[in-house]
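# Descriptive analysis of the structure
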Amino acid sequence: MSSSSLQVVMLLLALFSLSALVAASAGNFGQDFDITWGNDHVKMLDGGQFLTLSLDNNSGSAFQSKNEYLFGRIDMQIKLVSGNSAGTVTTYYLSSQGPNHDEIDFEFLGNLSGDPYIVHTNVFTHGEGNREQQFYLWFDPTKAFHTYSFIWNSQVIMFLVDNIPIRVFNNLKSLGVPFPNSQPMRIYSSLWNADDWATRGGLVKTDWTKAPFIASYRNFEANACVWSSGSSCVYNSNSLQTNTWQDQALDATGRRRIRWVQKKYMIYNYCTDLKRFPQGLPPECKRSKLR
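Please read these numbers as outputs of a predicted model, since none were measured by experiment.

### Describing the overall build of the protein
Helix and strand content of the protein: 3 helices and 16 strands. Classification of the 291 residues of the protein by burial places 51% in the buried group. For the protein, the computed accessible surface area is about 14000 Å², with 52% contributed by carbon and sulfur atoms.

Below, the structure is given as structure tokens:
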């Protein structure tokens, strides 16, 4: 085989390998995720393009990604439990392993019919959280699918709802604030009973006559760095988008949107809870109004 022919073969093999990597994260729940709890409470439809989790008084259910990621943009479309979902919690988060784990959380706290869902967010670094912010949504998240996203790079973590930023957590290691930038994380989601705390501090219990409670998922997308067993990272995307998340930060439009969300829909912010921190607010809370 001539050297030019060999180069062509090597190029085709490289392109095939890249296409296989992209296909492995191409938004197929059957290929990209493992069921970790309540196998008989999980349904996959349309060849793995659509997934539902269910909860009843026997079991909840959960799944996790096969891949680990170190930085990226993760999108998931979710339709939350409808009707009287009090006592239930639907989670969607990134997490590493071990007692000193890092974690980036969306948790959706169920409600009585007619009351708004609460979106609970948190950031854990080296096993420590206590950075809660909570929001109402400006729509009913049970009527249709909405996109919930994480953007995570070396400088910032952003939480987005339908591409609108609701929260940022900046890298302020220069101030001694830990930032998750070294531990790869998997994607997790679950639906479980938490009626000891989820709705009105546990005053409202789960009404099991309304079971099964069902949360639905579709259009998963990971435009991210896939962590391999060889302690290396391969940047890939399951879309035609470039990896713009690598240096993404809030622009002027993003700052206007997050101010709107935090003014109208934020209901709790650890950065303003002086009773909780009588010795002084955490240092990241003093740095920016866009917390």
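### Considering the environment of valine 226
Positionally, valine 226 belongs in strand E14 (residues 213–227). We classify valine 226 as buried; its relative accessible area is 8%. Separated by 41 residues in the primary sequence, valine 226 and methionine 185 place their C-alpha atoms 9.6 Å from one another.

### Here we look at the pairing of strand E7 (residues 103–109)
Successive residues of a regular strand alternate their side chains across the two faces of the sheet. E7 sits mainly inside the fold: 7 of its 7 residues count as buried. Alternating positions in E7 separate into two faces, Glu103, Asp105, Glu107 and Leu109 on one and Ile104, Phe106 and Phe108 on the other, with burial throughout. Sheet topology places strand E6 (residues 88–95) next to E7; 7 bridges connect them, and they run antiparallel. Its bridge partner being in E7, tyrosine 93 is matched across the sheet by aspartate 105. In this sheet, strand E8 (residues 118–124) lies alongside E7 in antiparallel orientation, the contact comprising 7 bridges. Bridging across to E8, isoleucine 104 finds its partner in valine 123.

### So, helix H3 (residues 252–264)
Quick reminder: α-helices carry 3.6 residues per turn. Residues three or four places apart thus point the same way. If you check H3, its first and last C-alpha atoms are 19 Å apart, about what 13 residues at 1.5 Å a residue would give, namely 18 Å. Turning to H3, its buried residues number three or more, namely Gly254, Ile258, Val261 and Gln262. Axial view of H3: buried residues confined to an arc of 90°, hence all on one face. Of the exposed residues in H3, those oriented more than 90 degrees away from the buried face are Arg256, Lys263 and Lys264. Residues of H3 that are buried sit in contact with strand E9 (133–135), strand E12 (164–170) and strand E16 (266–269). Between the side-chain oxygen of the N-cap and the backbone nitrogen of threonine 253 there are 3.3 Å, and the N-cap of H3 in question is aspartate 251.

How each quantity is defined
Residues numbered from 1 in each chain as written. Predicted model: local features only at pLDDT ≥ 70, side-chain atom pairs only at ≥ 80, totals over all residues. Heavy atoms only, no water. Helix = DSSP H or I, 4+ residues; strand = E, 2+ residues; numbered from the N terminus. Buried < 20%, exposed > 50% of the residue type's maximum accessible area, 1.4 Å probe, protein only. Areas by Shrake-Rupley, 256 points an atom, 1.4 Å probe, with all protein chains shown as cover. Pairing = 2+ DSSP bridges. Expected span 1.5 Å × (residues − 1). Arc of directions from axis to C-beta. Contact = heavy atoms within 4.5 Å. Polar contact = N/O pair within 3.5 Å; in protein donor to acceptor, adjacent residues only side chain to side chain.

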